[in-house]
Amino acid sequence: EKGHYRHFMQKEIFEQPTVVAQTLRSYVRQIDQSVALPQIDFDLSTINRITIVACGTSFYAGMVAKYWIETFARLPVDIDVASEFRYRDPVLEPGGLALFISQSGETADTLAALRHCKAAGQTIAVVVNVPTSTMAREADLLLPTHAGPEIGVASTKAFTCQLAVLAALAAHLAVKRGRMDRAEETAVVNNLVEIPSCLNAALAHDDEIAAMAHLIAPARDVLYLGRGQDYPLALEGALKLKEISYIHAEGYASGEMKHGPIALIDEAVPVIVLAPSGPLFEKTVSNMQEVRARGGKVVLISDKAGIEEAGEGCIATIEMPEVHPLIAPLVYAVPVQLLAYHVACVKGTDVDQPRNLAKSVTVE
Ligand code: F6R
């Protein structure tokens with residue numbers, strides 16, 4: 001079943017161009033270059049607030065979605081981890097959409113939050129990878145990902161498929177709310193259909209990342225930094241690394257580093273910076289300088305322009321294709337997944353079945 005791959009996780013990382021394309025086919029109408037949801041008759045134009053609830057990697061997909069929905073559709077979005085959500089007595093007013101993101105569709109905390117929102121009169125939307133799951137059955141609006149079964153405990157292809165669906169949802173909401181005209185919608189569609197080839201371009205760096213993994217594997221602690229919609233990717237990179245390689249890792253918003261974590265920086269702490277070039281790149285470059293001034297070793301994951309500007313003095317760089325900011329989180333997911341995977345291989349840990357973890361968490 002693994003074909004020529006060593007692990008399911010590796011196979012699932014490499015399946016991403018195919019399964020993301022497969023997922024997008026349900027959300028993009030090529031004929032008129034528009035974004036559409038599978039339940040076309042479902043009206044989202046009256047929604048006045050969105051509450052996103054999820055756990056783990058699915059939660060990070062939700063964090064990216066918050067950026068996209070607020071930016072494109074100008075709808076306010078709240079986001080919580082499911083295990084906290086019900087206990088803070090959230091304000092759930094009429095007209096709200098509650099959005100649950102879950103690969104399995106069975107995660108106990110997320111399901112309990114769904115039922116809580118349903119009882120409070122919210123419209124329930126779910127992004128799930130298992131169409132027969134409990135969450136799928138209890139939803140008003142089902143937004144499936146078509147990643148196929150995910151066997152590796154660490155979520156990879158389900159995450160990028162979730163992002164693809166959420167990008168389409170953000171654009172759809174923007175159109176429905178009159179915040180996106182036809183030309184802009186066509187531009188979004190063009191960006192979405194480019195994702196699979198951009199994922200392939202990112203995957204082409206596999207050997208290079210495998211070689212780099214030897215620099216990271218001896219570390220005790222690793223920091224990941226990102227800004228804006230790439231900040232959740234820093235969190236995801238850190239989660240993947242700690243899950244399968246058991247190296248302590250933390251993700252931080254780049255600008256937050258000087259408010260504490262900078263105290264940890266020395267020659268032994270690699271800092272992985274996720275930073276496509278763009279308006280905020282300069283700020284990230286100064287964060288990198290702060291790290292280097294303290295002897296920290298920076299790995300820069302950026303595009304050609306970013307690496308030309310700031311690659312010097314880094315212990316390694318990984319060049320991603322130049323992509324529209326909308327799709328950057330999907331593309332930058334690949335190097336963080338591959339890095340965690342190869343570090344785990346260097347350390348010889350059980351990549352597909354990491355200790356203490358279960359694929360589906362059905363207890364609260
Ligand atoms: C991380 C991972 C977990 C899950 C989390 C939610 O690699 O796999 O953090 O993302 O347990 O699971 P689902 O998406 O099934 O609700």
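Look above for the structure.
Residues numbered from 1 in each chain as written. Predicted model: local features only at pLDDT ≥ 70, side-chain atom pairs only at ≥ 80, totals over all residues. Heavy atoms only, no water.

A.B. asks: Can you walk me through the environment of D206 in this structure?
C.D. replies: Within the fold, D206 resides in helix α9 (residues 206-216). Each C-alpha atom, one on D206 and one on P335, is 8.0 Å from the other, the two residues being 129 residues apart in sequence. Those residues within four positions of D206 in sequence are excluded, and the remaining contacts are F14, L338 and H342. (Helix = DSSP H or I, 4+ residues; strand = E, 2+ residues; numbered from the N terminus. Contact = heavy atoms within 4.5 Å.)

A.B. asks: Teacher, can you tell me more about the packing of helix α8 (residues 182-203) against helix α13 (residues 328-347) here?
C.D. replies: For any two helices packed against each other, one specifies the inter-axial angle together with the distance between the axes. For the pair α8 and α13, interaxial distance at closest approach is 9 Å and the crossing angle is 30°. Between α8 and α13, the interaxial angle falls into the category roughly parallel. The two elements α8 and α13 meet at a crossing, and its hand is right-handed. On the side of α8, the interface is formed by I195, C198, L199, A202 and L203, while α13 contributes L330, V331, V334 and L338. Taken together, the residues that form the contact of α8 with α13 break down as nine nonpolar, no polar and no charged. (Axes fitted to C-alpha atoms, helices over the stretch in contact; angles between N-to-C directions. Parallel < 35°, antiparallel > 145°, perpendicular 65-115°, else oblique. Left-handed = near helix turned anticlockwise from the far one by under 90°. Nonpolar A, V, L, I, M, F, W, Y, C, P; charged D, E, K, R; others polar.)

A.B. asks: What's the story with the packing of helix α3 (residues 56-73) against helix α10 (residues 231-245) in this structure? I'm lost.
C.D. replies: Packing of α3 against α10 brings their axes to within 9 Å, and their N-to-C directions diverge by 170°. Put simply, α3 runs roughly antiparallel to α10. Of the residues in α10, those in contact with G56, T57, Y60, M63, V64 and Y67 of α3 are Y231, P232, L233, L235, E236, L239 and K240. Here the contact of α3 with α10 is built from residues that sort into nine nonpolar, two polar and two charged.

A.B. asks: What is the right way to read the pattern of salt bridges from this model?
C.D. replies: One side chain can pair with another of opposite charge once the charged atoms of both are near each other. Tallied over the full model, the rule gives 14 salt bridges. Between D221 and R220 there is a salt bridge; the shortest N-O distance is 3.1 Å. Note on R220: relative accessible area 67%, which makes it exposed. With a closest N to O distance of 2.6 Å, K240 and E236 form a salt bridge. Of this pair, K240 and E236 both sit in helix α10, four residues apart, which is roughly one turn of that helix. The pair K240 / E236 is uniform in exposure class, with both members buried. Three or more residues are tied together by salt bridges with common partners; here these are K11, E15 and K157. (Salt bridge = Lys/Arg side-chain N within 4 Å of Asp/Glu carboxyl O. Buried < 20%, exposed > 50% of the residue type's maximum accessible area, 1.4 Å probe, protein only.)

A.B. asks: Would you explain the site of the ligand in this entry?
C.D. replies: Around the ligand, the structure places 14 residues, and the nearest of them are S58, S102, Q103, S104 and T107. S102 is positioned such that a nitrogen or oxygen atom in its side chain is 2.6 Å from an oxygen atom of the ligand. Within the side chain of S104, a nitrogen or oxygen atom sits 2.7 Å from an oxygen atom of the ligand. About the coverage of the ligand: the protein hides 89% of its 400 Å² of free accessible area. (Near = heavy atom within 4 Å. Polar contact = N/O pair within 3.5 Å; in protein donor to acceptor, adjacent residues only side chain to side chain. Areas by Shrake-Rupley, 256 points an atom, 1.4 Å probe, with all protein chains shown as cover.)

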